[in-house]
Amino acid sequence: AFACLAFQASAQPIPAEQTAADTLEQTAQDSLPPRSPQAYKIDGVAAIVGDDAVLESDIEGAYTQRQMNGEYLDKCSILEQLITDKMLAYQGQIDSLEVTDSEVSNQVAQTIERLALSAGSVNKMLELYQKPDEETMAADLTPIIRSQAFANAMKKELIGDVNPSPEDVRRFFN
């Protein structure tokens, strides 16, 4: 954008009393849309994992959800969990772990049921999450649930069937 603005500025004749920097600044101001008196930030990227971004709204949403469930974690811990889950999901996709559409659909339906139950009704849930209908809610939840399914499949792949005996636990901690 700077090179473009510099080109536009140099294409215009410069009056003797005006410097090139003044012309460049004026051209930049003329090309920008006017600022609204109440400009605000819509969302921000907190982290990038693979092809996915962890948004600040994701952290806020998880924080609110955990508070509703009676869990009290700080936002830094929530960010760490979100990054870990995204890393596991990304690795699960790379490793071609199997996550079926029917499995994801069932999880989405169960999640909507659980959220509606905790909100008191489907309408209250839709109002709380600012969604017009259940289909939109399901469409928004599907990629999240799919990512969680990949993360869970990867956790299962990594951990496998590890069952430490009480003696193993004692040896580890002593």
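Let me begin by describing the structure that accompanies this report.

What counts and what doesn't
- Residues numbered from 1 in each chain as written.
- Predicted model: local features only at pLDDT ≥ 70, side-chain atom pairs only at ≥ 80, totals over all residues.
- Heavy atoms only, no water.
- Patch = residues over 30% accessible without salt bridge, like charges linked within 9 Å, V, L, I, M, F, W, Y side chains within 5 Å.
- Areas by Shrake-Rupley, 256 points an atom, 1.4 Å probe, with all protein chains shown as cover.
- Salt bridge = Lys/Arg side-chain N within 4 Å of Asp/Glu carboxyl O.
- Helix = DSSP H or I, 4+ residues; strand = E, 2+ residues; numbered from the N terminus.
- Buried < 20%, exposed > 50% of the residue type's maximum accessible area, 1.4 Å probe, protein only.
- Axes fitted to C-alpha atoms, helices over the stretch in contact; angles between N-to-C directions.
- Parallel < 35°, antiparallel > 145°, perpendicular 65-115°, else oblique.
- Left-handed = near helix turned anticlockwise from the far one by under 90°.
- Contact = heavy atoms within 4.5 Å.
- Nonpolar A, V, L, I, M, F, W, Y, C, P; charged D, E, K, R; others polar.
- Phe/Tyr/Trp six-rings, centres within 6.5 Å; stacked < 30°, edge-to-face > 60°.
- Lys NZ or Arg CZ within 6 Å of the ring centre and 35° of its normal.

Taken together, the side chains of L158, I159 and V162 present a nonpolar region at the surface, about 310 Å² in accessible area. Along the chain, I159 falls in helix α7 (residues 134-159). Taking the relative accessible area as the measure of exposure, I159 reaches 53% and is therefore exposed.

Bringing the pattern of salt bridges into the picture now. Counted according to the given criterion, the structure contains nine salt bridges. Across the pair E71 and R66 runs a salt bridge whose closest N-O atoms are separated by 3.7 Å. Judged by relative accessible area, which is 37%, E71 ranks as partly exposed. Taking relative accessible area as the criterion, R66 reaches 21% and is therefore assigned partly exposed. Across the pair K131 and D140 runs a salt bridge whose closest N-O atoms are separated by 2.5 Å.

It is the contact of helix α5 (residues 101-119) with α7, at a shortest axis distance of 8 Å, that shows an interaxial angle of 120°. Looking at the two axes, α5 sits oblique to α7. Relative to α7, α5 is oriented so that their crossing is right-handed. Along the contact surface, α5 presents D101, E103, V104, Q107, V108, T111, I112 and L115, while α7 presents E134, M137, A138, L141, T142, I145, R146 and A149. For the contact of α5 with α7, the residue count by class is nine nonpolar, three polar and four charged.

For the coordinates displayed, the defined rule picks out one aromatic pair. Their ring planes at 90° and their centres at 5.0 Å tell us that F172 and F173 sit as a pair that is edge-to-face. In this structure F173 comes out as exposed when scored by relative accessible area, which is 64%. Over the face of the ring belonging to Y63 we find K75, whose NZ or CZ atom lies 5.0 Å from the ring centre.

By themselves, these observations are geometric and do not establish any function.
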